[in-house]
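The lines below spell out each chain.
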2 protein chains.
Amino acid sequence: MSDKVVELSKIKVACKDCSLFQLCLPMGLESDDLEKLDVIIKRRRPVKRGEDLFRVGDGFRSIYAVRSGSIKTFSPTQDGQEQVTGFHLTGELLGLDAISNNYHPCTATALETTSVCEIPFERLEELGHQIPSLQRQLFRVMSREIFTEENHTLLLGKRNAEERLAAFLLSVSNRFKSRGFSPNEYNLSMSRNDIGNYLGLAVETVSRMFTRFQESGLLTVERKHVVIHDLDRLHDMAGSSRSSGNTRSSG
Amino acid sequence: MSDKVVELSKIKVACKDCSLFQLCLPMGLESDDLEKLDVIIKRRRPVKRGEDLFRVGDGFRSIYAVRSGSIKTFSPTQDGQEQVTGFHLTGELLGLDAISNNYHPCTATALETTSVCEIPFERLEELGHQIPSLQRQLFRVMSREIFTEENHTLLLGKRNAEERLAAFLLSVSNRFKSRGFSPNEYNLSMSRNDIGNYLGLAVETVSRMFTRFQESGLLTVERKHVVIHDLDRLHDMAGSSRSSGNTRSSG
DNA sequence: CGATGCTTTGACGAACTTCAACGCGGGTGG
DNA sequence: CCACCCGCGTTGAAGTTCGTCAAAGCATCG
């Protein structure tokens with residue numbers, strides 16, 4: 001069960017050997033329970049930039065964990081627009097919003113070449129009956145997702161453009177940090193358009209804010225590449241965010 | 001276990017005799033499983049208008065189902081403001097956002113005299129291991145909550161004042177309808193202030209929109225009382241809302 | 001009956017969107 | 001290898017929506 005081998009097209013890394021172990025679903029599981037989970041997980045070939053992991057209306061079968069790369073989820077609105085509902089970075093789950101309807105309410109598109117673990121939900125549910133700690137972790141993950149959505153709501157409800165972009169950059173920063181990457185320097189895989197859409201702002205406003213942030217010495221930005229010079233100030237500007245983290249998990 | 005009696009201060013109605021049976025947690029449960037759930041549920045004395053069911057930071061022990069009345073949940077923001085994160089009507093659950101953090105990230109205040117069922121989460125979790133259909137229902141409820149939050153996000157991200165208020169009124173309408181009340185006529189238990197806060201609008205803007213809606217013949221409003229004359233048009237105005245319902249459940 | 005809190009209304013200004021144009025960079029084809 | 005093209009990002013100007021400020025109307029309650 002655990003002698004997974006690295007192949008060319010199907011990279012098989014057992015949960016126990018995965019660097020995301022502490023962030024992902026198996027967090028807190030005992031070794032033998034971990035293997036049970038490991039067995040039901042499907043490792044798929046990487047999704048290329050622009051390809052979809054699933055589409056709006058697709059039947060719900062699995063939830064997904066991002067192993068590397070990043071994914072955006074978005075829903076169509078009645079007037080034919082799209083609304084970006086979330087960005088999912090390494091170690092984050094998506095698809096949880098499909099459980100109740102039994103189909104995916106959003107489309108998931110890779111922002112760059114991305115590997116995911118596919119976790120068939122029925123089997124996960126069965127496993128949950130056997131492994132209480134997995135059950136609990138699953139509840140925790142879903143609850144955190146609700147909490148995260150509330151935070152996003154909070155952001156869009158009361159905050160101006162400056163605060164929104166600051167909060168967004170801070171959120172990305174925190175998420176990279178908790179995965180062992182630099183919180184001060186990273187590449188944004190999503191376009192300005194996606195960011196604006198997600199934050200409820202026009203692209204132009206996002207661009208202007210980036211310029212303003214840079215002029216004030218808060219950060220340096222060049223296309224996708226962001227270097228944050230003053231995380232404390234960014235934090236102050238973000239203001240609104242509720243006490244706890246901004247960790248995303250589903251979409 | 002099922003011979004609950006109506007008392008004066010503690011109204012005891014077994015799940016199987018509750019009119020919300022089809023909307024609430026026990027949906028789809030077999031008779032004997034229902035009784036198991038029934039046993040762990042605590043019926044508390046009603047919460048009066050303005051009283052809190054729980055407060056921000058309170059330790060998480062239970063989730064709650066609204067039996068009658070309504071509750072608003074709100075979180076403090078860093079600058080001392082409040083952000084209303086949800087309204088919870090009859091048959092809806094709240095407290096699900098506390099599972100991951102182990103404390104409540106929001107305060108829940110009664111908007112009118114409100115009865116709730118308190119469901120100790122640890123015991124519910126245990127019961128979930130025994131009763132797969134309860135487990136599944138719990139996942140479904142949590143997933144629906146994520147979906148609902150996404151919808152709220154969508155609303156705040158892209159929609160103007162008119163669309164927001166229309167979507168809000170439509171959501172309330174749908175929720176009353178699914179509980180067997182009139183979708184065309186209802187009383188709003190929350191203040192204009194709460195509505196504005198929830199929708200990310202100034203109170204004055206909400207008021208102006210109500211006036212505009214009334215002048216256009218869409219509805220009649222007098223303080224809390226709302227009569228909707230043209231649900232179809234309201235639906236068109238709300239526009240943005242994603243395909244499925246607006247059913248809330250947690251906060 | 002006055003006090004208080006909620007709601008409405010009007011005037012004004014600020015923030016953000018929209019429209020338009022331009023710059024830049026990466027990819028493609030000659 | 002260079003030139004061109006196209007998408008993305010930036011910048012400027014004008015327009016609109018909504019928030020803020022101020023004041024008055026109106027119900028509820030002591």
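Residues numbered from 1 in each chain as written. Chains lettered and ligands numbered in written order. Predicted model: local features only at pLDDT ≥ 70, side-chain atom pairs only at ≥ 80, totals over all residues. Heavy atoms only, no water.

Draft legend 1. Structural view of the interface of chain B and chain A. Contact residues are listed per partner, giving 51 residues for chain B and 51 residues for chain A. Here chain B packs against chain A, burying approximately 4400 Å² in sum over the two surfaces, 58% of which is carbon and sulfur. Where chain B packs against chain A, one counts two salt bridges. The closest approach of N and O atoms between Glu 125 of chain B and Arg 136 of chain A, which form a salt bridge, is 3.5 Å. Counting across the chain B and chain A interface gives ten residue pairs in polar contact (both at pLDDT 80 or more). Listed by contribution, the elements that provide at least two residues to the side of chain B that touches chain A are strand E4 (71-76), strand E5 (82-88), helix H2 (121-130) and helix H3 (132-158) of chain B. Per element, the largest residue contribution to the side of chain B that touches chain A is 20 residues, and it comes from H3 of chain B. Of the residues belonging to the side of chain B that touches chain A, the class tally is 15 nonpolar, 23 polar and 13 charged. (Contact = heavy atoms within 4.5 Å. Buried area = accessible area lost by both parts, 1.4 Å probe. Salt bridge = Lys/Arg side-chain N within 4 Å of Asp/Glu carboxyl O. Polar contact = N/O pair within 3.5 Å; in protein donor to acceptor, adjacent residues only side chain to side chain. Helix = DSSP H or I, 4+ residues; strand = E, 2+ residues; numbered from the N terminus. Nonpolar A, V, L, I, M, F, W, Y, C, P; charged D, E, K, R; others polar.)

Draft legend 2. Molecular detail of the layout of surface pockets. Its volume calculated, the largest pocket comes out at about 290 Å³. Lining of the largest pocket is provided by 13 residues; of these, Arg 136 of chain A together with Asn 102, Phe 121, Glu 122 and Glu 125 of chain B occupy positions nearest its centre. For the lining of the largest pocket, the secondary-structure elements that each account for two or more residues are helix H3 (132-158) of chain A together with H2 of chain B. With six residues, the top contributor of residues to the lining of the largest pocket is H2 of chain B. Taken together, the residues of the lining of the largest pocket sort by class into four nonpolar, two polar and seven charged. (1 Å grid on protein atoms, 1.4 Å probe; cavity = no way out; pocket = protein on both sides within 12 Å on 5 of 7 lines; lining within 4 Å. Points joined across faces, edges and corners; volume = space filled by probe spheres on them.)

Draft legend 3. Broad picture of the sheet that holds strand E8 (residues 115-120) of chain B. All names here are of chain B. Strand order in the open sheet formed by four strands is E1-E8-E3-E6, with antiparallel pairing between adjacent strands. The open sheet terminates on both sides in strands that have one partner only, identified here as strand E1 (42-43) and strand E6 (93-94). As judged from the two bridges shared by strand E3 (residues 62-68) and E6, these two strands associate in the antiparallel manner. Residue pairing across strands places Tyr 64 opposite Leu 94, the latter belonging to E6. (Pairing = 2+ DSSP bridges.)

Draft legend 4. Structural detail: the protein's contact with DNA strand C. Around DNA strand C sit 17 residues, and of these Ala 161 and Thr 205 of chain A together with Ser 207, Arg 208 and Thr 211 of chain B come closest. Of all DNA strand C atoms lying within 4 Å of any protein atom, the proportion belonging to sugar or phosphate reaches 58%. Between DNA strand C and Thr 211 of chain B there is a distance of 2.5 Å, counted from a phosphate oxygen to a side-chain nitrogen or oxygen. Of all elements in the fold, only helix H6 (203-215) of chain A together with helix H5 (192-199) and helix H6 (203-215) of chain B reach the threshold of two or more residues within the surface near DNA strand C. By residue class, the composition of the surface near DNA strand C is three nonpolar, seven polar and seven charged. (Near = heavy atom within 4 Å.)

Draft legend 5. Structural view of the sheet that holds strand E7 (residues 107-110) of chain A. The four strands are arranged E2-E7-E4-E5 (chain A) in an open sheet whose pairing can be described as antiparallel. The outermost strands of the open sheet, each flanked by one partner alone, are strand E2 (52-54) and strand E5 (82-89) of chain A. Between one strand axis and the next, the sheet turns by 30 degrees as a mean value, whatever way the strands run. As judged from the seven bridges shared by strand E4 (residues 70-76) of chain A and E5 of chain A, these two strands associate in the antiparallel manner. When the bridges of E5 of chain A are listed, Thr 73 of chain A appears paired with Gly 86 of chain A. Of the strands in this sheet, E4 and E5 of chain A touch helix H5 (residues 192-199) of chain A, which is tilted by about 105 degrees from E5 of chain A. Lying over the sheet, H3 of chain B contacts E4 and E5 of chain A, oriented at roughly 120 degrees with respect to E5 of chain A. (Axes fitted to C-alpha atoms, helices over the stretch in contact; angles between N-to-C directions.)

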